[in-house]
Amino acid sequence: MMEPLLWAIGMGLIGAVVFAAIGLVSGTDETAVVAPITLLVVLLGVPAAGVFSFFLAAVISKHITHAIPTTLLGIPGDTMAAPMLADAQQLRELGVPHIALRKAISGGVLSAFIAVPLAVLFAWMLSPVADEIGQAAPWIFAGAAILIALTSKGRWAAVAAMFPFVLLIVGINSFVTAELGHALSISFFLGIATGPLIADLFLAMSPAGRKSLERSGPREFALAPDVRTWAGRMPNPLKVLDRKQVAYTSGAAVVSSATFVFSPVAMTVLMGEAVGARVKNGYHKLTTKMAVRNGTTESTYIAETLIPLVALGLPLSPMAAGPAAPLFNAPPVYTVNAETGATNNLHNLLSTWEFLAFGLVAVTIATLVAYPFAMTNAHRAASWVMRNVSHEAIIGAFAGLILVICLYEGGILAVLVTVTVGLVGGLLNRMFGMHSGVQFMGYYAAVLTVPAMIALG
């Protein structure tokens with residue numbers, strides 16, 4: 001037990017430090033940055049405890065520091081930060097962006113500590129029917145894909161677009177298998193994950209598309225100073241939030257920890273509006289919604305990873321099919337059998353109690369690393385990033401990482417698969433609101449449901 005614990009602590013610390021820094025860079029989508037690096041960690045042979053702790057500490061840290069550009073600069077730190085923009089803007093106009101930041105990240109820390117044990121509990125309750133769910137996996141994936149598409153921005157357009165997208169995956173997969181002698185999975189995954197980025201790169205090469213990406217000039221920002229309002233090095237989130245905010249944030253964390261099949265963005269919006277409707281005072285409503293919404297980003301990501309992972313081993317949630325996908329399927333290390341639904345991944349390698357213990361280790365490490373940093377150095381960190389960090393350099397680094405992984409799996413053909421799937425998926429995302437979670441479920445429907453349907457015929 002000591003060796004897995006040391007791996008969990010070491011990799012959790014690496015994940016927390018790396019992604020606390022990445023969270024400061026606006027627009028770094030979770031799927032596009034967390035998933036490829038987690039995949040690299042898996043392929044490097046890191047033990048299961050280290051992989052799990054790395055991933056969980058990474059997403060928690062990123063969702064703490066993503067609030068810095070969101071609240072102080074008015075630009076979303078990532079996809080999950082977008083629902084907080086309107087409330088953050090109103091608090092900036094009131095002259096209290098630092099209060100918005102502290103409420104948001106304190107809500108995130110509180111929800112993370114609540115979500116881990118609750119998600120493990122809900123997963124344990126589902127475990128008795130795990131075999132039946134596994135046998136019905138091809139049909140569950142199809143139903144989950146349609147449900148997730150309906151809860152996305154695209155709604156019926158996303159549902160309709162899923163059918164040609166699934167056929168595209170089936171066709172490319174058949175062609176690649178015939179050429180290489182084996183199927184690809186990582187390249188499809190990376191194409192979906194980086195779809196919006198690939199689509200933007202193609203648009204930038206087009207005279208017509210380039211106009212949609214042009215900016216009239218550099219954006220200007222006004223930053224509030226860092227002001228310490230507590231004693232000691234470690235602030236207490238239970239004191240940063242008032243009693244009602246603690247209660248509302250905790251309640252939202254409990255609800256969102258159980259609803260693991262819905263879109264995290266949709267749950268973030270829903271929880272914020274549900275709580276906001278119960279608060280009358282305008283200022284208190286805005287600060288409470290900041291805490292609840294950022295808390296929901298943490299609890300949904302944790303629950304949508306842990307419940308499918310602990311109970312089933314199948315990626316049956318938007319999160320499990322997106323940023324957390326390498327924890328389920330990262331051939332040849334972790335696999336999901338397309339015909340039988342059998343798994344060989346973290347579900348099989350860690351016990352329920354290990355998920356709980358290592359999950360709490362990851363939450364604790366991420367909190368100790370990212371929370372005091374964000375509370376005390378937000379102004380300096382945001383200013384330094386905006387002045388010195390090139391967004392293009394970050395994109396270039398991830399593009400290089402993706403290229404190496406694709407070449408590892410299937411050579412130039414795998415690179416072409418990633419670009420093709422990314423271009424189509426990115427345009428579907430941009431034009432029809434078919435986000436990456438829907439596309440990942442479409443991929444699993446292509447490799448699980450379509451063969452099952454053919455077998456019936």
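Residues numbered from 1 in each chain as written. Predicted model: local features only at pLDDT ≥ 70, side-chain atom pairs only at ≥ 80, totals over all residues. Heavy atoms only, no water.

As recorded in an unreviewed UniProt entry, the protein chain goes by Tripartite tricarboxylate transporter TctA family protein and comes from Nocardioides albertanoniae.

Some points on unusual backbone geometry
In plain terms, the rule: Secondary structure elements are taken from DSSP: a helix is a run of H or I of four residues or more, a strand is a run of E of two residues or more, and numbering for both begins at the N terminus.
Cis peptide bonds are those with omega within 30 degrees of zero, and the linkage from P331 to P332 qualifies with 5°. Structurally, P332 is set in the loop between α17 (325–328) and β1 (335–336).

What to know about the packing of helix α2 (residues 30–43) against helix α3 (residues 48–65)
Between two packed helices, both the angle of their axes relative to each other and the distance between the axes serve to describe the pair. The test is simple: Lines fitted to C-alpha atoms define the axes, with helix axes restricted to the stretch in contact, and inter-axis angles between N-to-C directions lie between 0 and 180 degrees. Angles are sorted into four bins: roughly parallel if under 35 degrees, roughly antiparallel if over 145, roughly perpendicular if 65 to 115, and oblique for all others. Crossings are sorted by hand: turned counterclockwise from the far helix by less than a right angle, the near helix makes the crossing left-handed, and turned clockwise it makes it right-handed. Contacts are residue-level and defined by heavy atoms, with any inter-residue pair within 4.5 Å sufficient. Ten residue types, Ala, Val, Leu, Ile, Met, Phe, Trp, Tyr, Cys and Pro, are classed as nonpolar, four, Asp, Glu, Lys and Arg, as charged, and the remainder, Gly among them, as polar.
In contact at an axis separation of 10 Å, α2 and α3 are set at 160° when each is read in the N-to-C sense. Our classification of the angle between α2 and α3 gives roughly antiparallel. Read as a crossing pair, α2 and α3 show a hand that is right-handed. In this structure, α2 contributes E30, V33, V34, I37, T38, V41 and V42 to the contact, and α3 contributes V51, F54, F55, V59, K62 and H63. Its residues placed into classes, the contact of α2 with α3 shows nine nonpolar, two polar and two charged.

Thoughts on empty space enclosed by the protein
In plain terms, the rule: The way it works is a 1 Å grid over only the protein atoms, where trapped points that fit a 1.4 Å probe form a cavity and open points with protein on both sides within 12 Å along at least five of seven lines form a pocket, and then any residue with an atom within 4 Å of a point lines it. Grid points are joined across faces, edges and corners, and a volume is the space filled by probe spheres set on the points.
In this structure the tally under the stated criterion is two cavities of 30 Å³ or more. The volume enclosed by the largest cavity comes to roughly 90 Å³. If you go around the largest cavity, the residues you meet are L39, S185, I186, F189, A325, P326, N329, A330, P331, F440, Y443 and Y444. Where the lining of the largest cavity is concerned, the elements lending two or more residues are α10 (186–193), α17 and α21 (436–456). At three residues, the largest contribution of residues to the lining of the largest cavity is made by α21. Of the residues contributing to the lining of the largest cavity, the split by class is 10 nonpolar, two polar and no charged.

Quick notes on the packing of aromatic side chains
Spelled out, the test is: Centres within 6.5 Å make a pair out of two Phe, Tyr or Trp rings, where for Trp the six-membered ring is used; the pair is then stacked when the planes are under 30 degrees apart, edge-to-face when over 60, and tilted otherwise. Working definition: with a 1.4 Å probe on protein chains only, accessible area under 20% of the residue-type maximum means buried, over 50% means exposed, and in between means partly exposed.
For the coordinates displayed, the defined rule picks out three aromatic pairs. Aromatic side chains F52 and F355 sit 5.2 Å apart centroid to centroid with 90° between the ring planes, which places their arrangement in the edge-to-face category. Residue F52 is found in helix α3, and its partner F355 is found in helix α19 (residues 352–388); the two are separated by 303 residues along the sequence. We classify F52 as buried; its relative accessible area is 0%.

Some thoughts on the side chain of T305
Convention followed: Pairing of N or O atoms within 3.5 Å defines a polar contact, subject to two protein rules: one partner must be a possible hydrogen donor and the other a possible acceptor, and residues neighboring in sequence count only if both atoms are side-chain atoms.
Tracing the chain through its elements places T305 in helix α16 (residues 282–311). The class for T305 is buried, based on a relative accessible area of 0%. Only 2.8 Å separates the side chain of T305 from the backbone oxygen of Y301, close enough to count as a polar contact. What T305 contacts, discounting residues up to four positions off in sequence, is F55, M319, A324, L327 and F328.

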